[in-house]
Amino acid sequence: MSSMLLDRHAIYMTAPCESEYAFRPLSYDGLGPGELLMETEYSVISAGTELAIYQGGEWWAHLPYEPGYGALGHVLEVGSNIKDVAVGDRVFTYTSHASINVVRDGRYVKVPDGVDPLLATVGARMGQIAFTSLRVSHEELGDFVVVQGLGLVGNLAAQLFTLSGCKVIGLDISPSRLETARACGISHTIDTSRSDAAAEIARITDGGMAQVVVEATGVPGLVATAACYAAIDAEVILLGSPRGEFVGDATDLLYKVHHAKPHITLKGALEWIYPFKPTQGCKHNLERNVKQLIQLVGENKLHVRELISHVVSPADVPGVYKELLARNQDYFGVAIDWRKQA
């Protein structure tokens, strides 16, 4: 088959803190046996990872770079080995912010009819990150779980622990994020800028503190703070990817883990510790997580609509990155509607 050019618009990060929405044709010479071609309907922005790339701070993503985190769209063509989806089906993928993409490595999940595609995009992709904190945890029904940081990922983690039967306490300094958490069913919330969080957690837990503490901000120094909320034999789970310098006394953290609060376990919760497809010897996989998240969205058990502050056109994205970098509190969950192409 001779090569052809497909019309394709995409978001490009061109230099530190600079991006553009541009038309760049895609050279296309057909699909491999396990590949599919998808026309994008929605994609979701991850403020944490994408802003780190945008500022030139990620070693694995050198500028110029074509960003992306998660997307959903219609299948245009399938490779010869693909039997579980057909042309016209909706699929969730991990492709870039672009109008059309080739999906490789089998990283797609079919989205059932009747599930809102916008909610599925945001819920599946951002929920996938949050889900890892639950997967690595030894949480049990009735445990107290503290989630430190109620951004998009922290909120979804709090919801998932609640759905698993835990009693969740959400912490943040943003009144709007605390209000959103309550609207999503998180019964205990604490404004850490106005209250002594440790004292409040002790009151709520009758002095027992939390069996699980999820650090969802990614601020390195807050790991020591998270340990203050942990019960004996508790877990402190690092859900937010640590970025920036650790400013503080590391010995204080180590002392809390080793002596003042014996048996605290520090755990990492990067989603990519699990394979995408079912793998022998590994209980969890990302495909299974995504299917369960989409089911929860379809059953209206996972609150996602409350987390979406903006649905923007692709042409608006360069401005969105600047607003997110400026920490504009009006911007929370941002999705791109690729049906609004200029």
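Residues numbered from 1 in each chain as written. Predicted model: local features only at pLDDT ≥ 70, side-chain atom pairs only at ≥ 80, totals over all residues. Heavy atoms only, no water.

Draft legend 1. Fine view of unusual backbone geometry. Looking along the chain, the bond that leaves L63 and enters P64 is cis, with omega of 0°. Within the secondary structure, P64 sits in the loop between α1 (47-54) and β6 (70-78). Positioned with a positive phi, D105 is a non-glycine residue whose angle comes to about 65°. Following the sequence through the fold, D105 ends up in the loop between β8 (100-103) and β9 (108-110). In this structure D105 comes out as exposed when scored by relative accessible area, which is 68%. The residue D206 is not glycine, and still its phi comes out positive at about 55°. Looking at where D206 falls in the secondary structure, it is placed in the loop between α5 (197-204) and β13 (210-215). The exposed category is assigned to D206, whose relative accessible area is 75%. (Helix = DSSP H or I, 4+ residues; strand = E, 2+ residues; numbered from the N terminus. Buried < 20%, exposed > 50% of the residue type's maximum accessible area, 1.4 Å probe, protein only.)

Draft legend 2. Spatial organisation of a nonpolar patch on the surface. Residues L270, W272 and I273 make up a contiguous nonpolar surface patch of about 300 Å² in total accessible area. Position of L270 relative to the elements: it lies in the loop between β15 (265-268) and α8 (286-298). (Patch = residues over 30% accessible without salt bridge, like charges linked within 9 Å, V, L, I, M, F, W, Y side chains within 5 Å. Areas by Shrake-Rupley, 256 points an atom, 1.4 Å probe, with all protein chains shown as cover. Salt bridge = Lys/Arg side-chain N within 4 Å of Asp/Glu carboxyl O.)

Draft legend 3. Up close: the pattern of salt bridges. Under the counting rule described, the total for this entry stands at 14 salt bridges. A salt bridge links R125 to E271; its shortest N-O distance comes to 3.0 Å. Taken together, the positions of R125 in helix α2 (residues 117-136) and E271 in the loop between β15 and α8 put the pair 146 residues apart, joining distant regions of the chain. Its relative accessible area of 2% is what places R125 among the buried residues. E271 gets classed as buried once you look at its relative accessible area, which sits at 4%.

Draft legend 4. Region of the structure containing the packing of aromatic side chains. This structure, assessed with the given rule, holds six aromatic pairs. On the numbers, 5.3 Å between centres and 75° between planes, the contact of F92 with Y94 is edge-to-face. The buried category is assigned to Y94, whose relative accessible area is 15%. Through pairs of rings, three or more aromatic residues link up here, namely F92, Y94, W272 and F276. Over the face of the ring belonging to Y12 we find R24, whose NZ or CZ atom lies 3.7 Å from the ring centre. The cationic tip of K277 hangs over the ring face of Y108; the distance from NZ or CZ to the ring centre is 5.6 Å. (Phe/Tyr/Trp six-rings, centres within 6.5 Å; stacked < 30°, edge-to-face > 60°. Lys NZ or Arg CZ within 6 Å of the ring centre and 35° of its normal.)

Draft legend 5. The side chain of N155, seen in detail. Positionally, N155 belongs in helix α3 (residues 152-163). Of note is the side chain of N155, whose polar atom sits 2.8 Å from the side chain of Q159. Residues within four places of N155 in sequence aside, it is in contact with G149, L150, T180, A181, C184 and L307. (Polar contact = N/O pair within 3.5 Å; in protein donor to acceptor, adjacent residues only side chain to side chain. Contact = heavy atoms within 4.5 Å.)

Draft legend 6. Just the sheet that holds β15, in detail. One open sheet holds the six strands; their spatial order is β12-β11-β10-β13-β14-β15, and the pairing between them is parallel. The open sheet is flanked by β12 (188-191) and β15, the only strands paired with a single partner. Between one strand axis and the next, the sheet turns by 20° as a mean value, whatever way the strands run. Strand direction decides the pairing type here: β13 and strand β14 (residues 230-238), joined by five bridges, are parallel. The residue of β14 that forms the bridge with A210 is A230. Along the sheet, α2 makes contact with β13, β14 and β15, crossing β14 at roughly 145°. (Pairing = 2+ DSSP bridges. Axes fitted to C-alpha atoms, helices over the stretch in contact; angles between N-to-C directions.)

Draft legend 7. Focus on the pairing of strand β7 (residues 90-93). Two elements, β6 and β7, share four bridges in a ladder whose sense is antiparallel. Its bridge partner being in β7, H74 is matched across the sheet by R90. Sheet topology note: the β7/β9 ladder contains three bridges and is antiparallel. Paired with V91 across the bridge in β9 is K110.

Worth remembering: the numbers are spatial, not functional.
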